[in-house]
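# Tertiary structure, described
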Amino acid sequence: MLAHAASPAPTPKGDWLLLPDRVWTADGDAAHAGWAVLVHDGAIAAVGPRDGIRAPANARRVELPGATLTPGLVDLHSHLFLHPYSETLWNDQVLTEPQDYRTLEAAAHAKATLLAGFTAERDLGTEGAGFADVSVKRAIEEGLIPGPRMFVATRAIVATASYGPGPRGFRPDLSLPGGAQEVSGVDQAMAAVREQAARGADWIKIYGDYRVGPGGGTAPTFTPAELKALVETAHLLGRPIAVHAASDAGVRMAVEAGVDSVEHGYGASEATFRLMKQKGVAYEPTLTAVEATEQYFNHYVPGRDAPTARMQEAARAFRTALKAGVTIGNGSDVGVFAHGENWREPAAMVADGMTPAQALHAATDVAARILRQDGFGRIAPGLRADLAAFAGDPSTHIGDLAHPVFVMKDGAVYRAPAGAP
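Described below are features of the structure shown in this document. The model shown is predicted, which means the values in this text are computed figures rather than measured ones.

The next subject is the overall build of the protein chain. Of regular secondary structure, the protein chain possesses 12 helices and 19 strands. The C-alpha radius of gyration computed for the protein chain amounts to 21 Å, which stays within 12% of the reference 22 Å derived for 421 residues, consistent with globular compactness. Once the C-alpha set of the protein chain is aligned to its principal axes, its extents read approximately 70 × 45 × 40 Å. Relative to its full complement of 421 residues, the protein chain shows a buried share of 56%.

Encoded structure:
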C-alpha cells in the first residue's frame, strides 16, 4: 500500500479518465466490472463500460488495477476537534488544550479524513472549541487546507448543568469551560439556536438526554416545551436538527418533537424505532464509538473478548432499527477514535447485520439524502466528482474500505497511485 501515496496538494481540475477494475455507482447493490468514469471540470461527465466512453485526447488517464471506484464516502457524525480518549481524556482536552491548538489539530484530522476516502462529513459539535468549525469549513472551501465537504453544528446545545466538564466531580466554586452551550427555558433555547445559525451552523445539535439521572443514569434533559422550541426555531431558520439521545425516553421525546436525526439511540425500544420510521427520522448508530470506549475504559480487546454489555446493547438497537426499516446513515462519532479510521463504522454495521452493499449505501447516497444534498453521493453524470477507490471490492467485502488508493473531491485529486498523472 505504500505505493499509493497521498498527494501533498490537489491536482488541478480538468479532464480525467478513471479506469478501475470495477465501479460501484450507488444506484444498485453490485459493482460493474470493466466500467470507467470520465470527469470534466469537477463534475462526472460519463460512467459506463470502458469501450462506450469517449475521452478527450488530453484527458489524464488513471489506471486503478484491482480497485473498485465508489462515490466519496460520508461520515454523518464526527468531531474534528477531538482525538482518542486513550491519548487524552475528554475532560482534559476541553480543559487544558487551547482552542488555537485544537483548531490546528482539526485541520490535520480533516486531511486524514479526506485521504481515507471520506469526501463529506457532518461535524456535530466542537466540544468546547466555540465556533472554530466554521473557520475550518471556510479554510477547506477556500483551498487553504485539504478536507472533506463540511456540514457543521458549532457549539451544540445542552440543558443547564447537564453536560461536561462537570459540574459533578468538580469543586462547586470553580467556573469551568463547557463542552456545549447551556440553556434553560424556552427563551434561552430559541436564542441559542438563533445565535448558532447566525454564526454559521448548518445543523443544530442538541443533547436530548445525558447522564443526569440518579447515580449518573441516563435521563432526558429538556422538557417537551424546550424541545419544541429548539426544533421549531431550527426549522424556521432552515436548519435540520440532530439529537444525541441514548435512552428510550430521550429518543422518543426528541422524535415526537420533530428532530431530523437521532445519534446513538442505544436504549431505544422497538416501538420507538417504529415511530422513527413512521416520522422519517434518520438514525446514526455510532457503533464504533462504543467499541472504542469499551477498549479504553473496560479493557475490551477486539478479536479476543466477547462483546461487552454496552456493545451488545448498541448492536441490539442497530438490528432493531434495521428490522423496523429506519433510514440508517453512516455516523461513527470519530474523534472518540482516530480520524482516518472512519471505515470502521461501515465494517461494524456489517458485523451487526447489514450487507456490505447496505453499509456502502449508508455511507454514500443515503448519507447524502440525510444531509439534503443531491450533488454528490452517487456516480452519475452531472454530479460533483467526489470519488474514492479502494483495493478490492467493498461492495462484497466491506473491510476493503480500509485500503484507499485514490481520492478525488470536486474533480481535484488528493490521493493517487504512485506514478499517476
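Let us now look at the sheet that holds strand 6 (residues 73-78). Overall, parallel pairing links the three strands, which are arranged 6-7-8 in an open sheet. Two strands close off the open sheet at either side, each with one partner strand: strand 6 and strand 8 (149-152). The mean inter-strand angle of the sheet, taken between neighbouring strand axes irrespective of direction, is 15°. Judged from the four bridges that link them, strand 7 (residues 118-123) and strand 8 form a sheet pairing that is parallel. The residue of strand 8 that forms the bridge with alanine 120 is arginine 149.

With that out of the way, let us pick up a nonpolar patch on the surface. Taken together, the side chains of Leu95, Leu174 and Leu176 make up a nonpolar region of the molecular surface, amounting to roughly 210 Å² of accessible area. With respect to the element layout, leucine 95 can be found in helix 1 (residues 90-96).

Attention now goes to the packing of helix 2 (residues 99-115) against helix 3 (residues 132-141). The N-to-C vectors of helix 2 and helix 3 enclose an angle of 40°; their axes lie 10 Å apart at closest approach. The angle between helix 2 and helix 3 places the two elements in the oblique class. Where helix 2 crosses over helix 3, the handedness of that crossing is right-handed. Every residue of helix 3 that contacts helix 2 at Gln99, Thr103, Ala106 and Ala110 is listed here: Ala132, Val136 and Ile140.

Quick look at the environment of leucine 287 now. Tracing the chain through its elements places leucine 287 in helix 8 (residues 287-298). Under the relative-accessibility criterion, leucine 287 is labelled buried at 7%. C-alpha of leucine 287 to C-alpha of glutamine 312: the two residues are 25 residues apart in sequence and 10.0 Å apart in space. Excluding its chain neighbours within four sequence positions, the residues that come into contact with leucine 287 are Ala314, Ala315, Phe318, Glu345, Ala348, Met349 and Asp352.

In this section: the packing of aromatic side chains. Considering all chains together, one arrives at eight aromatic pairs under this definition. Measuring from ring centre to ring centre gives 6.4 Å for phenylalanine 151 and phenylalanine 376, while their planes differ by 40°; the resulting arrangement is tilted. Of this pair, phenylalanine 151 sits in strand 8 while phenylalanine 376 sits in the loop between helix 12 (365-370) and strand 17 (387-391), placing them 225 residues apart in sequence. Through pairs of rings, three or more aromatic residues link up here, namely Trp90, Tyr163, Tyr207 and Tyr210.

Applying the stated rule across the entire model yields 19 salt bridges. The residue aspartate 393 makes a salt bridge to arginine 22 at a minimum N-O spacing of 4.0 Å. Taken together, the positions of aspartate 393 in the loop between strand 17 and strand 18 (404-409) and arginine 22 in strand 1 (residues 15-23) put the pair 371 residues apart, joining distant regions of the chain. Take aspartate 393 and arginine 22: they sit in the same class, and that class is buried. Arginine 369 is paired through a salt bridge with aspartate 365; the nearest N and O atoms lie 3.5 Å apart. One end of the pair, arginine 369, and the other, aspartate 365, are both in helix 12, four residues apart, so they sit about a helical turn from each other. Note on arginine 369: relative accessible area 56%, which makes it exposed.

Right, let's talk about the side chain of threonine 293 for a bit. Along the chain, threonine 293 falls in helix 8. Threonine 293 sits in the buried class, given a relative accessible area of 15%. A polar contact of 3.1 Å, which involves the side chain of threonine 293, links it to the backbone oxygen of valine 290. In contact with threonine 293, other than residues within four places in its own chain, are Tyr85, Asn298, Arg310 and Val336.

Right, let's talk about the nonpolar core for a bit. Ranked by size, the top nonpolar core spans 57 residues in total, and within it Ile157, Ile206, Val259, Val262, Met276 and Tyr283 carry the most contacts. Of all the elements, helix 9 (residues 309-324) adds the most residues to this core, at five residues. If sequence neighbours within four positions are ignored, valine 259 has contacts with Ile206, Val231, Ile241, Val243, Ala254 and Val281. If you look at the next biggest cluster of nonpolar residues, it comprises 21 residues, including Val37, Ile379, Leu387 and Val413.

Reading the values: the criteria
Residues numbered from 1 in each chain as written. Predicted model: local features only at pLDDT ≥ 70, side-chain atom pairs only at ≥ 80, totals over all residues. Heavy atoms only, no water. Helix = DSSP H or I, 4+ residues; strand = E, 2+ residues; numbered from the N terminus. Rg over C-alpha atoms; globule rule 2.2 N^0.38 Å. Buried < 20%, exposed > 50% of the residue type's maximum accessible area, 1.4 Å probe, protein only. Pairing = 2+ DSSP bridges. Axes fitted to C-alpha atoms, helices over the stretch in contact; angles between N-to-C directions. Patch = residues over 30% accessible without salt bridge, like charges linked within 9 Å, V, L, I, M, F, W, Y side chains within 5 Å. Areas by Shrake-Rupley, 256 points an atom, 1.4 Å probe, with all protein chains shown as cover. Salt bridge = Lys/Arg side-chain N within 4 Å of Asp/Glu carboxyl O. Parallel < 35°, antiparallel > 145°, perpendicular 65-115°, else oblique. Left-handed = near helix turned anticlockwise from the far one by under 90°. Contact = heavy atoms within 4.5 Å. Phe/Tyr/Trp six-rings, centres within 6.5 Å; stacked < 30°, edge-to-face > 60°. Polar contact = N/O pair within 3.5 Å; in protein donor to acceptor, adjacent residues only side chain to side chain. Core = buried A, V, L, I, M, F, W, Y, C linked by side-chain atoms within 4.5 Å.

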